[in-house]
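Topology and contacts: notes
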Amino acid sequence: DAKTTQPPSMDCAEGRAANLPCNHSTISGNEYVYWYRQIHSQGPQYIIHGLKNNETNEMASLIITEDRKSSTLILPHATLRDTAVYYCIVRVAGSARQLTFGSGTQLTVLP
Amino acid sequence: GAVVSQHPSRVICKSGTSVKIECRSLDFQATTMFWYRQFPKQSLMLMATSNEGSKATYEQGVEKDKFLINHASLTLSTLTVTSAHPEDSSFYICSAAPGLEGSSPLHFGNGTRLTVT
């Protein structure tokens, strides 16, 4: 699976949009982009995933560039409870495929 | 949505004893489940892939005789840490995904905090 690069940390003001970038310049055509987050001492929580089209759900939006070499996770109105480590992972589809976690981005939402 | 339940959430055991951790998929069947370990301030590291009805596949450096995995049904996988030592103290997390194909995401349990004294 392709490697991803994320900034180690970011701050965001409560109520503002949080935009978390991810670089995956070596992504291949059959790899999806997945986003998870891990709140301290809990298991990772699935947020959203996409292949090439932008995606939106009740938690977030995922913007994937046309060349698919990077993506941005957008939390439209960040709250204090969104403080977590956010992981961007690329993976080939199929439930038998594991997820390889990098270091992620520590997002801190400030009051 | 898909729910993965893990039990216990935390356990303290004495050195030399064994501890069993259960991972259940509550509303879907999972042919494959994954076990991860996470040390403080580090990311999740895959330990092994649990396959229903067959032997687990272990990552390099993970002792299969120490971390026994049993995947006896399509909804339950267990990880037994045998002869636990303080260095085995860690956060153990399981995951699974519904469906065999497609882009279904993996869902994770809430983890088990193991402390070996």
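Everything below is about the structure shown above.
A short tour of the structure in this document, coming up.

Analysis parameters
- Residues numbered from 1 in each chain as written.
- Chains lettered and ligands numbered in written order.
- Predicted model: local features only at pLDDT ≥ 70, side-chain atom pairs only at ≥ 80, totals over all residues.
- Heavy atoms only, no water.
- Helix = DSSP H or I, 4+ residues; strand = E, 2+ residues; numbered from the N terminus.
- Rg over C-alpha atoms; globule rule 2.2 N^0.38 Å.
- Buried < 20%, exposed > 50% of the residue type's maximum accessible area, 1.4 Å probe, protein only.
- Contact = heavy atoms within 4.5 Å.
- Areas by Shrake-Rupley, 256 points an atom, 1.4 Å probe, with all protein chains shown as cover.
- Buried area = accessible area lost by both parts, 1.4 Å probe.
- Salt bridge = Lys/Arg side-chain N within 4 Å of Asp/Glu carboxyl O.
- Disulfide = S-S within 2.5 Å.
- Pairing = 2+ DSSP bridges.
- Core = buried A, V, L, I, M, F, W, Y, C linked by side-chain atoms within 4.5 Å.

Here we look at the overall build of chain B
Of the regular secondary structure elements, chain B holds zero helices and 11 strands. Sequence-ordered secondary structure for chain B, helices as α and strands as β, is β-β-β-β-β-β-β-β-β-β-β. Taken over C-alpha atoms, the radius of gyration comes to 14 Å for chain B, in line with the 13 Å a tight globule of 117 residues would show. The dimensions of chain B, computed from C-alpha atoms along their principal axes, are 40 × 25 × 20 Å.

A few points about the overall build of chain A
Secondary structure assignment for chain A yields zero helices and nine strands. Computed over its C-alpha atoms, the radius of gyration of chain A comes to 13 Å, within 12% of the 13 Å expected for a compact globule of 111 residues. C-alpha atoms of chain A, sized along the principal axes, occupy 40 × 30 × 25 Å. Counting every position in chain A, which comprises 111 residues, the buried fraction comes to 46%. Put simply, of all contacts in chain A between residues at least 6 apart along the chain, 57% involve residues at least 24 apart. Counting every atom, chain A has about 5500 Å² of accessible surface; 50% of that belongs to carbon and sulfur.

Some thoughts on the interface of chain A and chain B
At the interface, 21 residues of chain A touch 24 residues of chain B. Counting the surface lost from both chain A and chain B, the interface buries some 1700 Å², and carbon and sulfur atoms represent 54% of this. Where chain A packs against chain B, one counts zero salt bridges. Breaking the side of chain A that touches chain B down by element, the ones donating at least two residues are strand E3 (31-38), strand E4 (45-50) and strand E8 (84-92) of chain A. Considering every element that reaches the side of chain A that touches chain B, the biggest residue donor is E3 of chain A, with four residues.

Thoughts on the environment of valine 92 of chain A
All names here are of chain A. Here valine 92 is to be found in strand E8. The class for valine 92 is buried, based on a relative accessible area of 18%. Each C-alpha atom of the pair valine 92 and glutamate 31 lies 4.3 Å from the other, and the pair is 61 residues apart in sequence.

Quick look at the state of the cysteines
Following the criterion strictly, the structure yields two disulfides over all chains and no others. Between the sulfur of cysteine 22 of chain A and that of cysteine 88 of chain A lies a disulfide, 2.1 Å long from S to S. Where cysteine 22 of chain A bonds to cysteine 88 of chain A through sulfur, the torsion about that S-S bond is close to -80 degrees, and the disulfide is left-handed. Within this pair, whereas cysteine 22 of chain A is found in strand E2 (residues 18-23), its partner cysteine 88 of chain A is found in strand E8, the two being separated by 66 residues in sequence. Cysteine 88 of chain A carries the same exposure label as cysteine 22 of chain A, and that label is buried. With a sulfur-sulfur separation of 2.0 Å, cysteine 23 of chain B is cross-linked through a disulfide to cysteine 94 of chain B.

Here's the deal with the pattern of salt bridges
Inspection of every chain in the model, using the stated rule, returns four salt bridges over all chains. Two residues, aspartate 65 of chain B and lysine 64 of chain B, come together in a salt bridge whose shortest N-O distance is 3.8 Å.

Quick notes on the sheet that holds strand E6 (residues 61-64) of chain A
Residue and element names in this part refer to chain A. Read across the sheet, four strands follow the order E2-E7-E6-E5 without closing on themselves; strand pairing throughout is antiparallel. At either margin of the open sheet sits one strand with a lone partner, and together these are E2 and strand E5 (55-56). Inspection of the sheet shows E6 paired to strand E7 (residues 70-75) by four bridges, in the antiparallel sense. By the bridge assignment, leucine 62 is partnered in E7 with leucine 73.

Points about the nonpolar core
Membership of the largest hydrophobic core comes to 24 residues, with the highest contact counts inside it found for Trp35, Phe67, Leu79, Tyr92 and Leu114 of chain B. Counting residues per element, the ones that place at least two in this core are strand E2 (10-13), strand E3 (19-25), strand E4 (32-38), strand E5 (45-51), strand E7 (67-73), strand E8 (76-81), strand E9 (90-96) and strand E11 (112-116) of chain B. Discounting residues that sit within four places of it in the chain, leucine 114 of chain B has contacts with Val11, Cys13, Val19, Val81, Asp88, Ser89, Ser90 and Tyr92 of chain B. One finds Ile27, Trp35, Ala60 and Ile64 of chain A within the second-largest nonpolar core, a separate group that totals 21 residues.

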